[in-house]
Amino acid sequence: MFSSFLQKIKNLQLPAGEFAIFGGGPLAVRNIRESHDADLIVSEKLFGEYKQKLGWKYKSFERDGRYVEMIEKDEIEFYKDWGPGKWDIAKLIQESEIINGLPFVKLAEVLKWKKISDREKDKKDILFIENYLQNNQ
């Protein structure tokens, strides 16, 4: 399932250094668990370009006491900010790991985000990630 998202992302031919896959993507690419969408953090420039493209839907919602903007198409979501918590998007993109030709936010950063989020599904993911990191060092 996630491999179809990877192909959709590759087909977009996004510029290197302008995006990284976050959310459940870094887990799904490692077969830790499945993901039913693809969350990408993107540069302000890339966000602005795709916000104007036909077929991309803009949404704004409250998360962690602030508004987050996103655009989406075909279950691929672009975020120019991430929450909850404070994140340096440019740094996360710059330090991402290339897997299957695409940049993924490092699992250690996903783990930090999951601990801050602390939703029920995050608690499960925290155990999955910690177990994966322990067994794949």
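Fair warning: this is a prediction, and the values are worked out from it, not measured in the lab.

Rules and cut-offs
Residues numbered from 1 in each chain as written. Predicted model: local features only at pLDDT ≥ 70, side-chain atom pairs only at ≥ 80, totals over all residues. Heavy atoms only, no water. Helix = DSSP H or I, 4+ residues; strand = E, 2+ residues; numbered from the N terminus. Buried < 20%, exposed > 50% of the residue type's maximum accessible area, 1.4 Å probe, protein only. Lys, Arg positive; Asp, Glu negative; His and termini not counted. Salt bridge = Lys/Arg side-chain N within 4 Å of Asp/Glu carboxyl O. Polar contact = N/O pair within 3.5 Å; in protein donor to acceptor, adjacent residues only side chain to side chain. Contact = heavy atoms within 4.5 Å. Axes fitted to C-alpha atoms, helices over the stretch in contact; angles between N-to-C directions. Parallel < 35°, antiparallel > 145°, perpendicular 65-115°, else oblique. Left-handed = near helix turned anticlockwise from the far one by under 90°. Nonpolar A, V, L, I, M, F, W, Y, C, P; charged D, E, K, R; others polar.

Colleague: Even after reading the chapter, I still don't get the side chain of Glu-77, so can you show me in this structure?
Modeller: Its place among the elements puts Glu-77 in strand E5 (residues 76-79). Nearest to the buried, unbridged Glu-77 among oppositely charged side chains is Lys-59, at 6.1 Å. Within the local environment of Glu-77, its side chain forms a polar contact with the side chain of Tyr-79, the two groups lying 2.8 Å apart. Leaving out residues up to four positions away in the same chain, Glu-77 has contacts with Asp-37, Ala-38, Asp-39, Leu-40, Met-70, Ile-71 and Glu-72.

Colleague: Would you take a moment to explain the packing of helix H5 (residues 107-117) against helix H6 (residues 120-135) for this structure?
Modeller: Helix packing geometry: the angle between the two helix axes and the distance between the axes. In contact at an axis separation of 9 Å, H5 and H6 are set at 150° when each is read in the N-to-C sense. With respect to H6, the axis of H5 lies roughly antiparallel. The handedness of the crossing between H5 and H6 is left-handed. Taking contact as the criterion, the partners of Leu-107, Val-110, Leu-111, Lys-114, Lys-115 and Ser-117 in H5 are, on H6, Asp-122, Asp-125, Ile-126, Ile-129, Glu-130, Tyr-132 and Leu-133. Of the residues in the contact of H5 with H6, the class split is 7 nonpolar, 1 polar and 5 charged.

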